[in-house]
Amino acid sequence: MESMGKMKSSWDLYVEEALPKLESRRTFAPLRPMNVSIAGQEGAQTNLDEDEYETYQGIQPWDRLASQIKLPQTFYQRLMDGLELTSKNEREEHEIISSNQEKQFKNLTLFAGNDFLGLSRHPTIAKAMAKAAMEQGTGPRGSPLICGYTNYHMALESVLANLKKKEACLVFTSGFAANMALMAAIGSIVPVQTGSTRPTKEEKVAIFSDALNHASIVDGLRLAEHQGGVELFVYKHCDMSHLDARLTKCKNKKKVVVTDSLFSMDGDMAPMVELAQLRNKHGFFWVVDDAHGTFVWGKNGGGLAEEFNCEYDVDICVGTLSKAASSLGGFIACSKIWKQWIQSKGRSFIYSTIAPIPLVAASYASVVVARKESWRRREIRNRMKEFHALTGIPVKSQIVSVIIGDIMEAIKVNQEFVQSGFYCVAVGPPAVPPNTARIRLTLTAVQTTEDIKRIAAIVSKNMGFVDCLSSNKMIMLGNG
């Protein structure tokens with residue numbers, strides 16, 4: 001749409017106007033790209049080639065290992081006894097395990113992690129990491145603005161930018177750091193433009209944030225507020241009528257809407273299509289944290305924006321490499337001008353050591369494998385359909401939250417999951433609001449139909465169990 005392009009360029013223009021002021025103050029922070037040579041081969045360089053990565057069709061023997069864990073018997077027994085892990089007994093258990101005194105382990109099927117595609121045991125990714133370690137060593141060398149930014153990091157940024165349909169990308173050591181840097185960078189635009197830490201109310205950037213956004217967004221917005229350049233508005237969770245009303249009432253010229261795409265504790269999705277329509281109406285700058293959607297949703301694993309065909313409506317996409325990619329790190333996909341601004345004003349980027357090359361090589365391989373092995377996304381959909389068919393519960397994502405209410409009741413229900421061979425975790429405050437303690441289940445590509453049948457039977461049984469014991473009826477979220 002023509003209007004979409006104009007809105008994007010207007011925000012790029014804000015940054016273009018501010019960048020020369022950074023340069024005049026000598027605070028523009030340029031990246032220093034460096035090529036690294038292969039050990040023992042002077043002058044030889046590694047070029048990452050997607051065609052070299054072996055991929056597979058259908059679940060392989062190693063895939064099941066990604067869904068299996070061995071729990072030390074002492075910790076398993078503590079879960080079964082319903083005891084909390086205090087600081088004292090945590091130290092005692094760590095001492096037992098680290099001294100190799102723990103001889104017994106309980107085999108459990110994992111339903112609590114974020115390895116949604118089951119890539120953590122993929123041999124292609126492991127080989128890519130090992131190869132990079134042999135050729136380049138393990139050290140990160142330094143920060144990205146000094147000497148750590150290599151051809152490996154540039155290759156990873158390029159493949160992520162292509163995945164997200166953006167001009168550029170900036171890689172971080174974590175998704176948390178990426179959100180912190182982005183919010184701080186947005187918050188610094190007006191103070192740099194005006195030369196004042198106390199701009200007028202109308203000059204400030206108005207940021208509208210979903211009430212259940214991730215902690216990294218919340219903390220980043222607090223930092224942005226402290227800089228004096230933003231005014232923060234929180235809208236009711238996924239309530240587009242409330243957001244529309246707040247946007248309509250707001251007189252600020254610069255408006256930003258930031259939202260998770262898929263909410264980690266409830267499993268529901270942001271209404272992406274409606275948000276795109278509101279963007280067209282109000283002309284705001286749209287930031288999406290697609291941590292739980294990237295690689296899992298969309299034909300190519302491009303996330304929720306690809307799934308709902310609004311990739312070009314999203315101005316900036318934040319993602320993580322620590323969940324479905326089974327690696328470690330975060331990234332921001334954006335325009336080239338925004339990349340320059342974030343690298344200059346995002347303190348969590350500037351003052352962090354860059355990810356080591358072997359880890360970057362593993363992340364690159366994960367992106368390639370995740371895109372090519374599309375069967376993994378189909379398997380997640382199959383597990384979702386099976387769970388719904390067996391329980392009657394609407395399931396709209398790979399995250400299903402079983403709301404119990406009281407944390408002690410949640411611990412009791414969790415005991416049955418663990419006793420039946422499933423590793424799940426009872427989640428309570430402060431991760432979730434009071435009286436909404438829950439069992440958070442994650443469905444993955446490497447769980448089997450039999451796994452779903454067994455865990456669904458426990459869920460169905462305990463729906464009635466909780467109703468009898470508590471006034472808080474068990475609710476299954478993840479239905480939007």
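Residues take numbers from 1 onward in each chain, read along the sequence in its written order. Two thresholds apply to this predicted model, a pLDDT of at least 70 for residue-level local features and 80 or more for giving and counting side-chain atom pairs, whereas whole-chain, interface and lining totals are computed over all residues. Values reported for side chains reflect all heavy atoms of the structure, with hydrogen atoms and water molecules removed beforehand.

Draft legend 1. The arrangement of the packing of helix H6 (residues 151-163) against helix H14 (residues 357-372) in detail. For helices, the fitted axis covers only the stretch in contact; all axes are lines through C-alpha atoms, and the angles between them, taken along N-to-C directions, range from 0 to 180 degrees. Secondary structure elements follow DSSP: runs of H or I of four or more residues count as helices, runs of E of two or more count as strands, with numbering from the N terminus. At a closest axis distance of 9 Å, the pairing of H6 and H14 adopts a crossing angle of 25°. Viewed along their axes, H6 and H14 adopt a mutual orientation that is roughly parallel. Every pair of crossing elements has a handedness; the one defined by H6 and H14 is left-handed. Residue-level inspection shows Tyr152, His153, Ala155, Leu156, Val159 and Leu160 of H6 in contact with H14, the latter providing Ile357, Val360, Ala361, Ser363, Tyr364, Val367 and Arg371. Of the residues that constitute the contact of H6 with H14, the class distribution is 10 nonpolar, 2 polar and 1 charged. Oblique is the label for any angle not under 35 degrees, not over 145, and not in the 65 to 115 range, which are roughly parallel, roughly antiparallel and roughly perpendicular in turn. Crossing handedness follows the turn of the near helix against the far one: under a right angle anticlockwise gives a left-handed crossing, and clockwise gives a right-handed one. Whether two residues touch is decided by their heavy atoms; if any such pair falls within 4.5 Å, the residues are in contact. Here the term charged refers only to Asp, Glu, Lys and Arg, the term nonpolar to Ala, Val, Leu, Ile, Met, Phe, Trp, Tyr, Cys and Pro, and the term polar to all other amino acids, Gly among them.

Draft legend 2. Local environment of the pattern of salt bridges. Only one rule defines a salt bridge in this text: a Lys or Arg side-chain nitrogen within 4 Å of an Asp or Glu carboxyl oxygen. The tally for this structure, following the rule as stated, stands at 17 salt bridges. Its salt-bridge partner being Glu157, residue Lys339 comes within 2.9 Å of it at the nearest N-O pair. Residue Lys339 is found in helix H12 (residues 336-345), and its partner Glu157 is found in helix H6; the two are separated by 182 residues along the sequence. Buried means the residue's accessible area, taken with a 1.4 Å probe over protein chains only, is under 20% of the maximum for its type, while exposed means over 50%, and partly exposed covers the values in between. Judged by relative accessible area, which is 14%, Lys339 ranks as buried. Judged by relative accessible area, Glu157 falls into the buried class, the value being 5%.

Draft legend 3. Seen up close, the packing of aromatic side chains. Any two rings among Phe, Tyr and Trp, with Trp reduced to its six-membered ring, count as a pair given centres within 6.5 Å; such a pair is stacked if its planes are under 30 degrees apart, edge-to-face if over 60, and tilted if neither. This model, assessed by the stated rule, comprises 8 aromatic pairs. For the ring pair Trp11 and Phe285, a centre distance of 4.7 Å and an interplane angle of 35° mean the geometry is tilted. Here Trp11, found in helix H1 (residues 2-24), pairs with Phe285, found in strand E9 (residues 285-289); they are 274 residues apart in sequence, far enough to count as distant. Accessibility classification places Trp11 together with Phe285 in one group, the buried group. Aromatic side chains Phe285 and Trp338 sit 5.0 Å apart centroid to centroid with 25° between the ring planes, which places their arrangement in the stacked category. Here the residue Phe285 occupies a position in strand E9, and Trp338 occupies one in helix H12, the gap between them amounting to 53 residues. Judged by relative accessible area, Phe285 falls into the buried class, the value being 2%. Using a relative accessible area of 1% as the deciding quantity, one classes Trp338 as buried. Connected via pairs of aromatic rings, a cluster forms that spans Trp11, Tyr14, Phe285 and Trp338.

Draft legend 4. Seen up close, the side chain of Thr259. Considering the arrangement of structural elements, one finds Thr259 in strand E8 (residues 255-260). Not counting chain neighbours up to four residues away, the residues in contact with Thr259 comprise Asp210, Asn213, Tyr235, Ala270, Leu275, Trp286, Val287, Val288 and Asp289.

Draft legend 5. Geometry of the environment of Pro191. By the element assignment, Pro191 lies in helix H7 (residues 175-194). When residues no more than four places from it in sequence are discounted, the contact partners of Pro191 are Ser196, Gln227 and Gly229.

Draft legend 6. Highlighting the UniProt feature "transmembrane region" (unreviewed entry) in the protein. Those places that UniProt annotates as "transmembrane region" (unreviewed entry) correspond, in this numbering, to residues 349-370. The span residues 349-370 is 73% helical and 0% strand by assignment, and the distance between its end C-alpha atoms comes to 26 Å. UniProt positions are given in the numbering used here, feature names are shortened, and annotations may be inferred rather than shown by experiment.

Draft legend 7. Structural view of the sheet that holds strand E10 (residues 316-320). Note on pairing: two strands pair once DSSP finds at least 2 bridges between them. Judged by pairing direction, the sheet is mixed, and its 7 strands sit side by side in the order E5-E11-E10-E9-E8-E6-E7 without closing on themselves. Because the sheet does not close on itself, it has two edges, and the strands there are strand E5 (168-172) and strand E7 (230-235). Neighbour to neighbour, the strand axes of the sheet diverge by 20° on average, direction disregarded. Inspection of the sheet shows E10 paired to strand E11 (residues 330-334) by 4 bridges, in the antiparallel sense. The residue bridging Gly319 from the neighbouring strand is Phe331, located in E11. Lying on the sheet, helix H8 (residues 215-226) is in contact with strand E6 (205-210), E7, E8 and E9; it crosses E7 at an angle near 150°. Its contacts with the sheet place helix H9 (residues 240-249) against E6, E7 and E8, and it is angled at close to 150° to E7.

Draft legend 8. A look at the nonpolar core. Residue types Ala, Val, Leu, Ile, Met, Phe, Trp, Tyr and Cys, when buried and joined through side-chain atoms within 4.5 Å, form a set referred to as a nonpolar core. Counting residues in hydrophobic clusters, the biggest one holds 85 residues, and the most contacted among them are Leu160, Phe295, Phe387 and Leu441. The element that contributes the greatest number of residues to this core is H14, accounting for 11 residues. Once residues within four sequence positions are removed from consideration, Phe387 is found in contact with Gly392, Ile393, Val395, Val400, Leu441, Leu443, Ile452, Ile455 and Val459. Of all hydrophobic cores here, the second largest spans 43 residues; its members include Val15, Ala29, Phe285 and Ile337.

Draft legend 9. Representation of helix H16 (residues 407-419) within the structure. A helix is expected to span 1.5 Å for every residue after the first. Helix length check: H16 (13 residues) gives 18 Å between terminal C-alpha atoms against 18 Å at 1.5 Å per residue, within 8%. Those residues of H16 not exposed but buried are Glu409, Ala410, Ile411, Val413, Asn414, Gln415, Glu416, Phe417 and Val418. The definition of a polar contact used here is a pair of N or O atoms within 3.5 Å, where within protein one atom must be able to donate a hydrogen and the other to accept one, and adjacent residues in sequence count solely through side-chain atom pairs. Its side-chain oxygen at 3.0 Å from the backbone nitrogen of Met408, Asp406 defines the N-terminal cap of H16.

Draft legend 10. Representation of the packing of H9 against helix H10 (residues 272-282). Contact pair H9 / H10: the axes reach a minimum separation of 11 Å and the direction vectors enclose 15°. If you check the angle between H9 and H10, you find them roughly parallel. Crossing geometry of H9 relative to H10 is assigned as right-handed. Packed against H9, whose contacting residues are Met240, Leu243, Asp244, Leu247 and Thr248, the element H10 presents Glu274, Leu275, Leu278, Lys281 and His282 at the interface.

Draft legend 11. Spotlight on the state of the cysteines. Disulfides are defined in this document as cysteine sulfur pairs within 2.5 Å. The final tally for this structure, using the stated rule, is 0 disulfides. In this structure Cys169 is not part of a disulfide, and its nearest cysteine sulfur, from Cys334, lies 7.2 Å away. When its relative accessible area of 1% is taken as the criterion, Cys169 is described as buried.

Draft legend 12. Inspection of unusual backbone geometry at higher detail. Omega for the bond connecting Pro429 with Pro430 falls within 30 degrees of zero, at 10°, which places this linkage in the cis form. Of note, Pro430 is situated in the loop between strand E14 (425-427) and strand E15 (437-442). Its identity is not glycine, yet Lys165 carries a phi of approximately 60°, on the positive side. The topology assignment puts Lys165 in the loop between H6 and E5. Judged by its relative accessible area of 35%, Lys165 is partly exposed. Phi at Ser326 is positive, roughly 55°, even though this residue is not glycine.

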